[in-house]
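# Notes for the structure review
Chain by chain, the residues run as shown.
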Amino acid sequence: MSDIDRIIAELQRFTWPDYVVFVAMFILCVFIGIYFGFMNKPLNEADYLMGGRNMLILPIALSLIASFISGITLLGLPTEVYSFGIQYTYVGMGVIAMGFVMGIFYLPVFHDLNITSTYEYLESRFDRRLRMFGSVMFTIMNIGYLPIVIYVPALAFNQVTGVTVHTITPIVCIICVFYTSLGGLKAVVWTDVVQIISMLGALILVAIKGSLDIGGAKEVFNSAWESTRIEAPELSIDPTFRHTLWSQLIGGLIYWTQTNAVSQNMIQRYLSLPSLRSARWALAIFCLGVLILMALCAYNGLLIYATYKGCDPLTTKLAKAKDQLLPLFVMKTLGEYPGLTGLFIAGVFSAALSSLSTCLNSMSAVVLEDFVKPFVSTPLSAKAINWIMRLVVVAVGALCVSLVYVVEHMGTVLQLTMSLEAITNGPLFGIFTIGLLMPWINGDSALTGGIFGVIAMSWISLNAQWAIASGAIKYETKPLTVQHCKYEYNETLLSSSYNLTISPASKDDIFPLYRVSYMWYTALGALITVIMSGICCCVFGSNDPRRVEPSLLTPSIRKLFSYTEDKLNAKALNLEIPLKNHSIIDDVAL
């Protein structure tokens, strides 16, 4: 047995107290599902999908945080900071900006419309084709995203126990499908509350114990400063830089606004609150909670570096996958204390379960509202609706388990997830933004722009991911060394070290758009969609903005065109010119 295998075997101390803590979390989730599914009043459609639209602010806010901070962030962000420093964390500025943008421009419209699926908005603003386009894009994105959500915690569990990924993922999915299909949104929200507490506790525990082991937080920050992992934002305007102030602020703003403001997974929780004021409070708490959790994840990344700065476990393959770095650190830090490793793994799985249950519940809403109801000639019975909602949860859960086999060959999850999501998220965000802010653009133009955006982003994102996977694009990490390792490792692995760079020659061989930072992808997809939709107005014509239902526009745009209409009416009356002869350019001139 090699030194690496021996050390891994020694660290895999997942004892019966760990299993007790780990299993207890799952049992609690199951009981919550049973309570809301059987012991509460029978669930109708409004209860199952929207929690009766009378949910409480704090549970919803905690549920939103738990859903967004998936295992991808929990394991991916510490690895990101360990390898590349804190540049990614400046995305917190984008999160804060998102809170203002969403609360002012997006949330008022969706909340006032009293809808279940956000894609109902697209039919009201444009036509049924746009609703179907949005629903299909959402479905594709979720089916691609959920296997990653399941795979990441399974990877952590494999690191600490040796149990294979494909043994644990079906078990986790069955449990999640069970309580989600039984209890609906209320079960999802209240299990999220339990899971966010578990997540937060696990991160704090690792941070405190790990810091004490190496001499305190001062040592962590000193090591990070000396290795330039703590640094000011990169101010370059070059979009091929992986992270800059502008990519984190502007790109982050658009990515987070899309994910939080127009995605069914998140907006469904905001719409379950009784008023716009309560939804805005939930949004504020969400932003604060996300910033706290991201700061904890980033600190743990710096802590891991301070612990392993003399012997990089990624290079020596002590951590066989990049996203197993935090679990390896947890085994080293907490392994000697029975139950604590189990608490951490329960926290990681809590992050995954919250995201998975949210997506499954949202999928049932979208399938019922957008793929079934519009195409049936007679209203569905309550029994048929209940069966459809639950069967969707079961079917999507089973599909995601099978797709885990694909995900495990696709590389680092944090960048991968944001890159692939942008294929659908960017164009969808562009279409929603057109609907809310640009009343002169009609359905034909918006649909054409959206299709063009999806094609363009598929081409860019998939080719970029292929270039990364093949080694044509390589990113330079912060200093990592193996000079002070106290165990033997396979030195031939150093030829494919984790410390990678982009050489000038390889840059010239790669199409420039493939080298654009993944942080710009959602913004790029939205921009392409908006520009193409505007160009298509020359072909398909334009709407009269005054004929668009005001409730479908963001409040500031309603005021703008209401004022323009008053001016137009006055001038038309004086000049006896029919209103229909006026163009949008005339409106602006007035």
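Residues numbered from 1 in each chain as written. Predicted model: local features only at pLDDT ≥ 70, side-chain atom pairs only at ≥ 80, totals over all residues. Heavy atoms only, no water.

Within an unreviewed UniProt entry, the label attached to the chain reads Sodium-coupled monocarboxylate transporter 1, and the organism entered is Glossina brevipalpis. Of the chain, the UniProt comment under Sequence similarities (unreviewed entry) reads exactly: "Belongs to the sodium:solute symporter (SSF) (TC 2.A.21) family." Regarding the chain, the UniProt comment filed under Subcellular location (unreviewed entry) reads as follows: "Cell membrane". (UniProt positions renumbered as here; feature names shortened; annotations may be inferred.)

Turning our eyes to something else, we now look at the packing of aromatic side chains. Tallied over the entire structure, the rule returns ten aromatic pairs. With a centroid separation of 6.5 Å and 70° between ring planes, the pair formed by Tyr-308 and Phe-329 is classed as edge-to-face. Of this pair, Tyr-308 sits in helix H13 (residues 276-308) while Phe-329 sits in helix H15 (residues 325-334), and the two are 21 residues apart along the sequence. Side by side, Tyr-308 and Phe-329 carry an identical accessibility label, which is buried. Here Trp-459 and Tyr-514 contribute two aromatic rings whose centre-to-centre distance is 5.8 Å and whose plane-to-plane angle is 75°, an arrangement assigned as edge-to-face. With Trp-459 in helix H19 (residues 443-470) and Tyr-514 in the loop between helix H20 (504-509) and helix H21 (521-540), this residue pair connects regions lying 55 residues apart in the sequence. Looking at Trp-459, the relative accessible area reads 41%, which means it is partly exposed. In this structure Tyr-514 comes out as buried when scored by relative accessible area, which is 15%. Aromatic ring contacts, followed pair by pair, group Phe-110, Tyr-119, Tyr-121, Phe-138 and Phe-432 into a single cluster. Arg-229 extends its terminal NZ or CZ atom over the ring of Tyr-82, reaching a point 5.8 Å from the ring centre. Lying across the ring of Phe-84, Arg-242 places its NZ or CZ 4.0 Å from the centre. (Phe/Tyr/Trp six-rings, centres within 6.5 Å; stacked < 30°, edge-to-face > 60°. Helix = DSSP H or I, 4+ residues; strand = E, 2+ residues; numbered from the N terminus. Buried < 20%, exposed > 50% of the residue type's maximum accessible area, 1.4 Å probe, protein only. Lys NZ or Arg CZ within 6 Å of the ring centre and 35° of its normal.)

As enumerated under the stated definition, the model contains 13 salt bridges in all. Among the ionic pairs, Asp-370 bridges to Arg-131, the shortest N-O distance being 2.6 Å. Of the two residues, Asp-370 sits in helix H16 (residues 340-372) while Arg-131 sits in helix H8 (residues 128-161), which places them 239 residues apart along the sequence. Take Asp-370: its relative accessible area is 0%, and that puts it in the buried class. Of the charged contacts in the structure, one is a salt bridge between Asp-213 and Lys-209, with a shortest N-O distance of 2.8 Å. Pair noted here: Asp-213 and Lys-209 are both in helix H9 (residues 165-214), with a separation of four residues, about one helical turn. Assessed through its relative accessible area of 46%, Asp-213 is described here as partly exposed. With relative accessibility at 15%, the residue Lys-209 sits in the buried group. (Salt bridge = Lys/Arg side-chain N within 4 Å of Asp/Glu carboxyl O.)

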